[in-house]
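Topology and contacts: notes
The residues making up each chain are set out below.
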Amino acid sequence: MVNQKYLDKAETLIEALPYIQRFNRKIVVVKYGGSAMLDEELKANVIKDVVLLKLIGFKPIIVHGGGKEISRWVNKVGMEPRFVNGLRVTDKDTMEIAEMVLAKVNKELVTLVESLGVQAVGISGKDGGLLQCHKKLSKGEDIGYVGDIEKVNPKVLQDLLEKDFLPIVFPIGFDTNFDSYNINADDAACAIAEAVHAEKLVFLSDIEGVYKDKDDPSSLISELHVHEAEKLISDGYVGGGMIPKLQNCIDAIEEGVNRVHILDGRIPHSLLLEIFTNKGIGTAILREDGEKYYNEHE
Ligand SMILES: NC(=[NH2+])NCCC[C@H](N)C(=O)O
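Residues numbered from 1 in each chain as written. Predicted model: local features only at pLDDT ≥ 70, side-chain atom pairs only at ≥ 80, totals over all residues. Heavy atoms only, no water.

The cut-off we apply is this: UniProt positions are given in the numbering used here, feature names are shortened, and annotations may be inferred rather than shown by experiment.
For the chain, the name recorded in an unreviewed UniProt entry is Acetylglutamate kinase, with Blautia intestinihominis as its organism. Per UniProt, the chain has the following entry under Pathway (unreviewed entry): "Amino-acid biosynthesis; L-arginine biosynthesis; N(2)-acetyl-L-ornithine from L-glutamate: step 2/4." On record in UniProt, under Subcellular location (unreviewed entry), the comment for the chain is "Cytoplasm".

Now the structure itself:
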């Protein structure tokens, strides 16, 4: 008799089959941030998941932040991190630290990917003129070298993908005067996904997904059409930090990305569980004509 556990494993692989077929050769942008970046075990898991996507024929691009790591280094050199309306105030010194820290994190990720036998190239938004930006004001206030993306030149990414490299991007770009700016990693992931016509954009963060009722953690929504996502915002159902995130998802879909997923990066292998199962594990936001795979009443 074959042990049921082994049969279940085969089942899992068979459930993955249609997704392996559907997303073959398709671009998947993964925004990697939050706690999953600080915990070494979670980090190794995320990287393994992305490497697996790559090896079965998807074209993943990682876009990462490093906010907590930047704050740690800012403190280490005796400076006080300052935030205005949730945005980091970035003077010249902070900008310099941010760039050094993000580049260091970037090369650590490249090393992890390379150690698993996949060739990775780490770049910033400056390389190949990927992210052109201008100064962002926060409610009219100057918060320093914080940038809003103006234009994306995806050529460097297209070339890397064509040559079978796994691109790993950190979101620092320059303006037309070649001054450096720190860019929000969610915004960068979203703009990049649009520019490369990604099939999927996946946000790995510290939240399970979108909730019907922000105060009830059992009300996680599995699938949402764009208009439902818009309605959640306009009806005031989503709160605080989720609004810009959900707005990014809506924008990405309106600009042609097929599906956007919000996942909890603290759950080991949430990326694989989302992409290779029918039900997924977080919230998937679909185009208006996107078919819902999973009906909550099933
Ligand atoms: N949160 C969800 N309901 N996700 C469904 C995921 C379906 C499928 N695996 C996909 O990647 O598109």
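1. Details of the UniProt feature "site: Transition state stabilizer" (unreviewed entry) in the chain
For clarity, the cut-off: Helix and strand definitions here come from DSSP, where helices need a minimum of 4 consecutive H or I residues and strands a minimum of 2 consecutive E residues; each element is numbered from the N-terminal end. We call a residue buried when its accessible area falls under 20% of the maximum for its residue type, exposed when it is over 50%, and partly exposed in between, using a 1.4 Å probe and counting protein chains only.
The positions UniProt marks with the feature "site: Transition state stabilizer" (unreviewed entry) are Lys31 and Lys245. Of the residues just listed, which span 215 residues, no C-alpha pair is farther apart than 11.5 Å, and they cluster in one region. Among the secondary structure elements, Lys31 is positioned in strand β1 (residues 27-32). Taking relative accessible area as the criterion, Lys31 reaches 8% and is therefore assigned buried.

2. Observations concerning the packing of aromatic side chains
Quick note on the threshold: Here is the rule: rings of Phe, Tyr and Trp (six-membered ring for Trp) pair when centre to centre is within 6.5 Å. Planes less than 30 degrees apart are stacked, more than 60 are edge-to-face, and the remainder are tilted. The criterion is that NZ of a Lys, or CZ of an Arg, lies within 6 Å of the ring centre and within 35 degrees of the ring normal, and then a charge sits over that ring.
Applying the stated rule across the entire model yields 5 aromatic pairs. Seen from their ring centres, Phe174 and Phe178 are 5.1 Å apart, and the 70° between their planes marks the pair as edge-to-face. An aromatic cluster of three or more residues is present, and its members are Tyr19, Phe23, Phe58 and Phe276. Sitting over the ring of Tyr145, Lys135 keeps its end group 5.4 Å from the ring centre.

3. Details of the nonpolar core
Note that soluble globular proteins tend to have their nonpolar side chains buried in a common cluster. As a reminder of what qualifies: In these notes, a set of buried Ala, Val, Leu, Ile, Met, Phe, Trp, Tyr and Cys residues joined through side-chain atoms within 4.5 Å is what counts as a nonpolar core. Contacts are assigned to residue pairs with any non-hydrogen atoms lying within 4.5 Å of each other.
By size, the foremost hydrophobic cluster in this structure holds 83 residues, and its most contacted members are Val29, Ile61, Leu157, Leu201 and Val210. Sorting elements by how many residues they give to this core places helix α4 (residues 92-115) first, with 9 residues. Residue contacts for Leu201: discarding those within four places in its chain leaves Val29, Ala189, Cys190, Ala193, Ala252, Val257, Arg259, Val260 and His261.

4. A word on helix α3 (residues 67-76)
Burial in α3 covers these residues: Glu69, Ile70, Ser71 and Val74. In the core, the buried residues of α3 are packed alongside β3 (83-84), β4 (87-88), α4 and β10 (180-183). Looking one or two residues beyond α3, the residue adopting positive phi is Gly78, at roughly 85°.

5. A look at the sheet that holds strand β11 (residues 200-205)
Heads up, the condition is: Between any two strands, at least two bridges found by DSSP are needed for them to pair. Helix axes are fitted only over the stretch in contact, all axes being lines through C-alpha atoms; the angle between N-to-C directions runs from 0 to 180 degrees.
Read across the open sheet, the 8 strands follow the order β5-β8-β2-β1-β11-β15-β16-β14; overall the sheet is mixed. Edge positions in the open sheet fall to β5 (120-124) and β14 (223-225), since each of these has one partner strand only. For this sheet, the mean inter-axis angle between neighbouring strands, taken without regard to orientation, is 20°. Bridge count for β1 against strand β2 (residues 59-64) is 6 bridges, and the pairing is parallel. Note that in β2 the partner of Ile27 across the bridge is Lys59. Sitting on the sheet, helix α2 (residues 40-55) touches β1, β2, β8 (166-170) and β11, and the angle it makes with β2 is about 150°.

6. A look at the UniProt feature "binding site: substrate" (unreviewed entry) in the chain
Sequence positions flagged by UniProt for "binding site: substrate" (unreviewed entry) are, in local numbering, Gly66, Gly67, Arg88 and Asn182. A maximum C-alpha distance of 12.3 Å places the annotated residues, which cover 117 residues in sequence, within one compact spot. For Arg88, a relative accessible area of 11% corresponds to the buried category. Other than its neighbours up to four places away in sequence, Arg88 contacts Gly67, Ile70, Ser71, Pro81, Arg82, Phe83, Thr94, Ile143 and Val146. On the accessibility criterion, Asn182 (12% relative accessible area) is buried. Filtering out sequence-adjacent residues up to four positions away, Asn182 remains in contact with Ile70, Met95, Ala98, Leu102, Tyr145, Val146, Gly147, Pro171 and Ile172.

7. What to know about the pattern of salt bridges
Applicable threshold: The term salt bridge refers to a pairing of a side-chain nitrogen on Lys or Arg with a carboxyl oxygen on Asp or Glu at a separation within 4 Å.
According to the stated counting rule, one finds 16 salt bridges in the structure shown. Glu69 is the partner of Lys104 in a salt bridge, and the nearest nitrogen-oxygen pair spans 3.8 Å. With Lys104 in helix α4 and Glu69 in helix α3, this residue pair connects regions lying 35 residues apart in the sequence. Residue classification places Lys104 among the partly exposed residues on the basis of a relative accessible area of 36%. For Glu69, a relative accessible area of 14% corresponds to the buried category. The salt bridge involving Asp235 is made with Lys231; its shortest N-O contact spans 2.7 Å. Residue Asp235 is classed as partly exposed on the basis of its relative accessible area, which comes to 41%. Taken together, the salt bridges that share partners define one network made up of Glu40, Lys43, Glu69, Arg72, Lys104 and Glu108.

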